[in-house]
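Here are the chains, one letter per residue:
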Amino acid sequence: MKSVAERIKEARLELGLTQVQLAEQAGISESAIQMYEIGQRVPRDTVKKKLAEILKKPVQDLFF
């Protein structure tokens with residue numbers, strides 16, 4: 001089973017987005033995206049919803 005970090009990165013790459021682009025669209029810092037993708041932080045619920053929307057994935061598929 002893939003980790004949350006792997007699922008976020010994989011979904012981002014599927015859409016051809018950079019970390020900077022994803023961060024800008026989500027209204028968060030690039031460093032936050034980096035931390036999520038290496039598994040050092042987990043986004044708050046509001047950010048989870050925004051990332052799922054941008055990445056075109058159900059929240060459950062990305063974070064649970």
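Quick summary incoming for the structure in this document.

Analysis parameters
Residues numbered from 1 in each chain as written. Predicted model: local features only at pLDDT ≥ 70, side-chain atom pairs only at ≥ 80, totals over all residues. Heavy atoms only, no water. Buried < 20%, exposed > 50% of the residue type's maximum accessible area, 1.4 Å probe, protein only. Helix = DSSP H or I, 4+ residues; strand = E, 2+ residues; numbered from the N terminus. Arc of directions from axis to C-beta. Contact = heavy atoms within 4.5 Å. Core = buried A, V, L, I, M, F, W, Y, C linked by side-chain atoms within 4.5 Å. Axes fitted to C-alpha atoms, helices over the stretch in contact; angles between N-to-C directions. Parallel < 35°, antiparallel > 145°, perpendicular 65-115°, else oblique. Left-handed = near helix turned anticlockwise from the far one by under 90°. Nonpolar A, V, L, I, M, F, W, Y, C, P; charged D, E, K, R; others polar.

## Regarding helix H2 (residues 19–26)
The set of residues buried in H2 consists of Gln19, Leu22, Ala23 and Ala26. Along the long axis of H2, the arc covered by the buried residues comes to 100°, so they all point the same way. Looking at the packing, one finds that the buried side of H2 touches helix H1 (4–14), helix H3 (30–37) and helix H4 (45–55).

## Some words on the nonpolar core
Residues Leu22, Ile33, Tyr36, Leu51, Leu55 and Leu62 are the most contacted members of the largest nonpolar core, which totals 16 residues. Per-element tally for this core: the top contributor is H4, with five residues. Those residues within four positions of Leu55 in sequence are excluded, and the remaining contacts are Ile8, Ala11, Arg12, Leu15, Leu17, Leu22 and Leu62.

## What about the side chain of Glu37?
Mapped onto the elements of the fold, Glu37 is located in helix H3. Setting aside residues no more than four positions away along its own chain, Glu37 makes contact with Ala5, Ile8, Lys9, Arg12 and Gln19.

## Comments concerning the side chain of Lys48
Here Lys48 lies in helix H4. Lys48 has contacts with Val42, Pro43, Val59, Phe63 and Phe64, leaving out every residue within four places of it along the chain.

## Details of the packing of H2 against H4
Viewed as axis vectors pointing N to C, H2 and H4 meet at an angle of 120°, and their least axial separation amounts to 10 Å. Taken together, the axes of H2 and H4 are oblique relative to one another. H4 is crossed by H2, and the crossing has right-handed handedness. Listed contacts from H4 to Leu22, Gln25 and Ala26 of H2 are Lys50, Leu51, Ile54 and Leu55. Residues of the contact of H2 with H4, tallied by class, amount to five nonpolar, one polar and one charged.

## So, unusual backbone geometry
Of note, the phi angle at Lys56 is positive, near 55°, even though the residue is not glycine. Mapping Lys56 onto the fold places it in the loop between H4 and helix H5 (59–63).

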